[in-house]
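Chain by chain, the residues run as shown.
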Amino acid sequence: QKEVEQNSGPLSVPEGAIASLNCTYSDRGSQSFFWYRQYSGKSPELIMFIYSNGDKEDGRFTAQLNKASQYVSLLIRDSQPSDSATYLCAVNWGEAGNMLTFGGGTRLMVKP
Amino acid sequence: GAVVSQHPSRVICKSGTSVKIECRSLDFQATTMFWYRQFPKQSLMLMATSNEGSKATYEQGVEKDKFLINHASLTLSTLTVTSAHPEDSSFYICRADRGAEAFFGQGTRLTVV
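The notes below deal with the structure included here. (Residues numbered from 1 in each chain as written. Chains lettered and ligands numbered in written order. Predicted model: local features only at pLDDT ≥ 70, side-chain atom pairs only at ≥ 80, totals over all residues. Heavy atoms only, no water.)

**Comments concerning the sheet that holds strand 8 (residues 76-81) of chain B**
Residues and elements named next belong to chain B. Taken in spatial order, the four strands of this open sheet run 1-3-8-7, and their pairing is antiparallel. In the strand order of this sheet, the two ends are held by strand 1 (4-7) and strand 7 (67-73), each with one partner. Across the sheet, the mean angle separating the axes of adjacent strands is 15 degrees when strand polarity is ignored. Across six bridges, strand 3 (residues 19-25) lies against strand 8 in antiparallel orientation. Of the residues in strand 8, the one forming a bridge with V19 is V81. (Pairing = 2+ DSSP bridges. Helix = DSSP H or I, 4+ residues; strand = E, 2+ residues; numbered from the N terminus. Axes fitted to C-alpha atoms, helices over the stretch in contact; angles between N-to-C directions.)

**Observations concerning the state of the cysteines**
Under the criterion given, the structure shown has two disulfides over all chains. Note that C23 of chain A is cross-linked by a disulfide to C89 of chain A, the S-S spacing being 2.1 Å. Note on the C23 of chain A and C89 of chain A pair: the S-S dihedral is about -70 degrees, so by sign convention the disulfide is left-handed. One end of the pair, C23 of chain A, is in strand 3 (residues 19-25); the other, C89 of chain A, is in strand 9 (residues 85-92), and 66 residues separate them in sequence. As far as the burial class goes, C23 of chain A and C89 of chain A line up, both buried. Here C23 of chain B is linked by a disulfide to C94 of chain B, with a sulfur-sulfur distance of 2.0 Å. The sign of the S-S torsion, about 80 degrees, decides the handedness of the disulfide formed by C23 of chain B and C94 of chain B: right-handed. Placement of C23 of chain B in strand 3 and of C94 of chain B in strand 9 (residues 90-98) is noted, with a sequence separation of 71 residues between them. Under the relative-accessibility criterion, C23 of chain B is labelled buried at 0%. Left unpaired, C13 of chain B is separated from the closest cysteine sulfur, that of C94 of chain B, by 18 Å. (Disulfide = S-S within 2.5 Å. Buried < 20%, exposed > 50% of the residue type's maximum accessible area, 1.4 Å probe, protein only.)

Right, here's the structure in full:
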């Protein structure tokens, strides 16, 4: 059973701080990794994807991938109240789309 | 703008009736689409994989006769919840991939009364 694990939270950070969201996965053969943001009552929206070890930055967001340790993280700098949402980590085990598995999500709360 | 469009966004139906949900890829062709269900405070659960021109593949525990999937074109997949019951009330979300990126429809909030 391939698994993607996330701490459900809530993770509470003050406005302006760095929010760090973590995700671990069970299969070393995983090829691609995604972070989605889901607001309450809405569908997930893609924030970032990462394929290679290391960091990938996009604005206030940085995705970090460590395949040896089997974890992927998302850093949000200068957190804003509008960042409050559930963040879903997704891992694609292979080329077929139905091998995309989602973690349970981490609820982030950014307090003004 | 949205690349995957899902309709309706919200529907209320009576128990025993059927509801159809549409999912369209707007500027790309999708031979495969995916249908998820999400209960409150839970993660996405894959229900089935919709394949254009062939039968859908259902996940274990999902009744294929209750959740009918039709993928008649490269841009449209439909999910029909037949003989809906209150326990089918949930948030249904479709997904289509453009290359390596997965995009979700806006979701359909189904309430069965």
